[in-house]
Every structure is written in structure tokens, then in C-alpha cells.
Amino acid sequence: MLDQGGNLYVVGREIVLRVYLAIGAIGLLLLLALAATSFDSVIRRMGGKRWLALHQLVYLIAPLAILHFLIQSKLDVTEAVLMGGLLMLLAFYRLAHRFFPPLDPARALAAGLAAGACTALLEVGWYAGTTGIDPRLVWEANFTPSLGISPAWWVTGTGLAVAVAAVVWQRVKPSRKARGPGSSARKGAEGKAAHDKRAQEKPAKDKARLGVGAT
Ligand code: HEM
């Protein structure tokens, strides 16, 4: 928009004429709708269920943004594929948390591997669909070190790093509680009790604040 010196007619015409701009514009409009309905007063008026249904649109907006990024990248889609891969990694965490809880290090690792494979497939599929390059060549590029680290490996590595961090976190967390008797252990126990109490009360408080179930 700044490139066009703020000329809204030119900006509007370009948006209509170019698919990737239209996709960006739809994404922006949807994001604005989510932003406009993110106030407590609006959420109360809408009711929790309707608000949640509207905000599920984020699962459409994020892929639209990736598609917008992919199309505008033209020939080299490395960065856009990387962003798409990281989004898929988050989606796999969400799915694991929802359908196979708890999201422990083993599941986090599985999510990382799945997202890495899907990233490679996204890259292969995109190049095959838009340029006709032999999918085998794009796939093999993932295993050719001289071509640099591919998005699929970056995503797999991120998944691996998160799984390792989860293992470390699991080991560090109990050791804090296990510190000998005395003030810190007592504080730890009191802290946990207070945390558990807050965790029990929070859903009810949130529901009351947002009017969930009131519709
Ligand atoms: C009316 C709405 C939008 C318009 C007109 C628009 C326009 C553009 C244009 C012209 C580019 C290419 C820039 C360049 O060549 O350097 C671009 C890139 C991009 N846009 Fe949008 N966009 C819109 C909305 C969005 C939204 C909602 C998102 C994300 C949620 C988004 C994410 C991106 C990204 C990630 C890039 C690539 C940036 C890069 O190359 O570094 N855009 N957009």
C-alpha cells in the first residue's frame, strides 16, 4: 500500500486482479473481525459459543497467510515452506494435545517428525504443481548437504529441540519440589496447592466472565 503512495483505487484494483493479494486481503479482513471481537464486552454480548465458532477462523486464516506467502514468493519458496512447516508443527501439537493427551516429549517428537515429513511433501507438491519440476529431484534435495539445510530439516530440528526441552523441563520441575524440608519445600508445596486451587477455580471464573454457557 505504501508503494502505491496510499492510492486506494490502485491498491483496490491490484487486490482484485492478483490472486495472492486477494488472499492476503481476505486474511486481513478475517483477522480484523477477530480483533474487533476480542474485547470482554463483545465476547459477553456474543456468547461464548458463537465467539468460539468465529475465532475458530484462525485455522483458516493461518493457511491463507501461508498460501499468500507461497504465491508471492514466485520461484524460491524456501522461506514460505519453512513458515508453512512451522505452522504444521503447531497444528500437530494441537492435534496431539486434543486427541492423544498428554503432549509429552515422545508425542512432541512424533509431532516434529510428522511435521518435517509434511514440510518436505509441501515443498515437493508446490514445485511439482507450479513448475513441473520432477518431484524426485526436490525430495532428494533434502538429502543433499551441499544445497544447504532444507525447510523440512529445520522443522524436524525445531520439533526435536522442543522434545528435548520438554525432557529437560520434566526433570527440572520435580527437582524444585523435591528440595529438602524447610522453607523452600514448604513454599513449593503451598505454591502447588495455590496453583491447583487457581486451576480449579479458573474455568468457572472464565466462564462467568465471558458468559460461556449463557447462550
Ligand atoms: C490487503 C491485505 C494484504 C496485501 C495487499 C498484501 C500484500 C503483500 C505484498 C504486495 C507482498 C509482497 C511484498 C514484496 O514483494 O516484498 C506481501 C508479502 C507478504 N505478506 Fe501480505 N498482504 C496482505 C495481507 C497479509 C496478511 C493478512 C498476512 C499475514 C497474516 C500477510 C503476510 C505476508 C507475508 C509473510 C509476506 C512475505 C514477506 C516477505 O517476503 O518477507 N499479508 N503481501
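Provided above is the structure to which this section pertains.
Computed from a predicted structure; not experimentally measured.

What counts, and at which threshold
- Residues numbered from 1 in each chain as written.
- Predicted model: local features only at pLDDT ≥ 70, side-chain atom pairs only at ≥ 80, totals over all residues.
- Axes fitted to C-alpha atoms, helices over the stretch in contact; angles between N-to-C directions.
- Helix = DSSP H or I, 4+ residues; strand = E, 2+ residues; numbered from the N terminus.
- Left-handed = near helix turned anticlockwise from the far one by under 90°.
- Contact = placed C-beta atoms within 7 Å.
- Nonpolar A, V, L, I, M, F, W, Y, C, P; charged D, E, K, R; others polar.
- Near = placed C-beta within 6 Å.
- Parallel < 35°, antiparallel > 145°, perpendicular 65-115°, else oblique.
- Buried ≥ 20, exposed ≤ 12 C-beta atoms within 10 Å, placed from the backbone.

Comments concerning the packing of helix α6 (residues 78-99) against helix α7 (residues 105-131)
With their axes 8 Å apart at the nearest point, α6 and α7 run at an angle of 145° to one another. Relative to α7, α6 is oriented so that their crossing is right-handed. Contacts between α6 and α7 involve V81, G84, G85, M88, L89, F92, Y93 and A96 from the first element and R107, A111, G112, A114, A115, C118, T119, L122, E123 and W126 from the second. Each residue belonging to the contact of α6 with α7 can be placed in one class, and the counts come to twelve nonpolar, four polar and two charged.

Topic: the site of the ligand
Neighbouring the ligand are I15, L21, G24, A25, G27, L28, L31, A65, H68, F69 and Q72. Within the residue set of the shell around the ligand, elements represented by two or more residues are α2 (19-36) and α5 (58-73). Per element, the largest residue contribution to the shell around the ligand is six residues, and it comes from α2. Along the lines of polarity and charge, the residues of the shell around the ligand split into seven nonpolar, four polar and no charged.

Brief notes about the packing of helix α1 (residues 8-17) against α2
Relative orientation of the contacting elements α1 and α2 amounts to 105°, with a least axis distance of 5 Å. With respect to each other, α1 and α2 are oriented roughly perpendicular. In contact with E14, I15 and V16 of α1, α2 contributes L21, A22 and A25. Here the contact of α1 with α2 is built from residues that sort into five nonpolar, no polar and one charged.

Let's talk about unusual backbone geometry
Geometrically, the link from P101 to P102 is a cis peptide bond, its omega value of 0° lying close to zero. With respect to the helices and strands, P102 occurs in the loop between α6 and α7. Phi at K74 is positive, roughly 60°, even though this residue is not glycine. Examined against the element boundaries, K74 turns out to sit in the loop between α5 and α6. Residue K74 is classed as exposed on the basis of its C-beta count, with 9 C-beta atoms lying within 10 Å.

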